Amino acid sequence: MMRDPRGVTLIEVTLAMALVAVLLGLSLPALTARGEAVEVLGAARYLAGEVARARAIAVRRGTAIGLRFLPEDDGFRVQAYADGNGNGVRQTDIARGIDEPVEAPFRLREPFPGVRVARNAAVPSIGRGVAGATDAGALRLGAGGILTLSPLGTATGGTIYLLGRGGGQAAVRVLAATGRVRVMTYDAGAGEWRSR
């Protein structure tokens, strides 16, 4: 078959554009789902980093640091407080000004607008609940919605669930004995939680 030396025909251009449109249409849902999974994993890693940073502050200062999760209309505000009287970070001590803020609060929705502190009821929880947990849903922390990190490197322990706008589920687990943080994501296809 001989080609016209002046260029391509309108039929060839139309067929090429149709092929590109079909391939893009097939790949777009997969790319969107992958992007949402990356976003919720990024938010979980960000939160895990904030917990690790609070743990380091507690060890460096030699005092307990508590991350307080306060519900707001569109999510949670998280703020670190230092124990001012040696009895741990408590809601009453925060209200009386004894346990003071260490730094400005942060909100996950600011760097990750599609992710919120929430748990899909269809997704199973990780392991057993924490004794005295205040919320059987998205926050599984000690009393008062405060995650406390001690100067010895230990913590109250608990789990914070994060939900992406596309349904992707992640969790930040804080181990009580060591204060270490684990990031996990839920694999819906396998029906299980996986460490990341």
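As a reminder, the structure under discussion sits directly above these lines.
Here the residue numbering is sequential within each chain, running from 1 through the sequence in written order. Side-chain atom pairs in this predicted model are given and counted only at pLDDT of 80 or more, local residue features only at pLDDT of at least 70, and totals for whole chains, interfaces and linings cover all residues. Side-chain measures were taken over the full set of non-hydrogen atoms in the model, leaving aside hydrogen atoms and water.

Asks: Go over the pairing of strand β10 (residues 192-195), please, and point to the residues and values.
Replies: The pairing criterion is simple: DSSP has to find at least two bridges between the two strands. A run of DSSP states H or I qualifies as a helix once it reaches four residues; a run of E qualifies as a strand once it reaches two. Both are numbered from the N-terminal end. Pairing analysis gives four bridges linking strand β9 (residues 181-187) to β10, with the strands arranged antiparallel. Among the inter-strand pairings, Asp187 is bridged to a residue of β10, identified as Glu192. Connecting β9 to the next strand, β10, in antiparallel fashion are four residues, including Gly191 with a positive phi near 70°.

Asks: Before we move on, can you summarise the side chain of Arg68 with the specific residues and values?
Replies: Relative to the assigned elements, Arg68 resides in strand β1 (residues 65-72). The buried label applies to any residue whose accessible area, calculated with a 1.4 Å probe on protein chains only, is under 20% of its type's maximum; exposed applies above 50%, and partly exposed to all values in between. The charge count includes Lys and Arg as positive and Asp and Glu as negative, but it does not include His or the ends of the chains. For this analysis, a salt bridge means a side-chain nitrogen from Lys or Arg found within 4 Å of a carboxyl oxygen belonging to Asp or Glu. Salt bridges are absent for the buried Arg68, whose nearest opposite-charge side chain, Asp99, sits at 9.3 Å. Between N or O atoms, a polar contact is any pair within 3.5 Å; within protein, one atom must be a potential hydrogen donor and the other a potential acceptor, and residues adjacent in sequence are included only when both atoms are from side chains. Polar contacts involving the side chain of Arg68 include one to the side chain of Gln91, which spans 2.8 Å. Residue contacts follow a heavy-atom distance rule, with two residues in contact if any of their heavy atoms lie within 4.5 Å. Apart from residues lying up to four places away in sequence, Arg68 is in contact with Arg77, Val78, Gln79, Tyr81, Gln91, Ile94, Gly145 and Ile146.

Asks: Outline the pairing of strand β2 (residues 75-82), listing residues and values.
Replies: Within β2, seven of the eight residues are buried, which leaves the element mostly enclosed by the surrounding structure. As paired strands, β1 and β2 are joined by eight bridges and run antiparallel to one another. Across the sheet, residue Phe69 finds its bridge partner in β2, namely Val78. Count of turn residues in the β1/β2 antiparallel hairpin: two residues. Examined bridge by bridge, β2 and strand β3 (residues 100-101) share two bridges and lie antiparallel to one another.

Asks: Outline the pattern of salt bridges, supporting the account with residue identities and numerical values.
Replies: For the structure shown, the criterion picks out ten salt bridges. In this structure, Glu50 engages Arg53 in a salt bridge whose closest nitrogen and oxygen atoms are separated by 3.0 Å. On the criterion of helical spacing, the pair formed by Glu50 and Arg53 is a turn pair, its members being three residues apart in helix α1 (residues 10-61). Looking at Arg53, the relative accessible area reads 37%, which means it is partly exposed. In the salt-bridge network here, residues are joined through shared partners; they are Glu72, Arg77, Arg107, Arg109 and Glu110.

Asks: Give me the packing of aromatic side chains: which residues, what numbers.
Replies: Centres within 6.5 Å make a pair out of two Phe, Tyr or Trp rings, where for Trp the six-membered ring is used; the pair is then stacked when the planes are under 30 degrees apart, edge-to-face when over 60, and tilted otherwise. A complete count under the given rule lists four aromatic pairs for this structure. Judged by centre distance (5.9 Å) and plane angle (85°), the ring pair of Tyr46 and Phe106 falls under edge-to-face. Of this pair, Tyr46 sits in helix α1 while Phe106 sits in the loop between β3 and β4 (115-117), placing them 60 residues apart in sequence. In textbook terms, an aromatic cluster arises when at least three aromatic residues are bridged by ring pairs, as seen for Tyr46, Phe106 and Phe112. Put simply, a charge is over a ring when the Lys NZ or the Arg CZ is close to the ring centre, within 6 Å, and near the line of the ring normal, within 35 degrees. Positioned above the aromatic ring of Tyr161, the side-chain terminus of Arg119 is 5.4 Å from the ring centre.

Asks: Let's hear about the sheet that holds β3: which residues, and what values?
Replies: Ordered in space as β3-β2-β1-β6, the four strands form an open sheet in which the pairing is antiparallel. Each end of this open sheet is capped by a strand with a single partner; those strands are β3 and β6 (146-149). As paired elements, β1 and β6 share four bridges and run antiparallel to each other. Each residue of the ladder has a partner; that of Gly66, found in β6, is Thr148.

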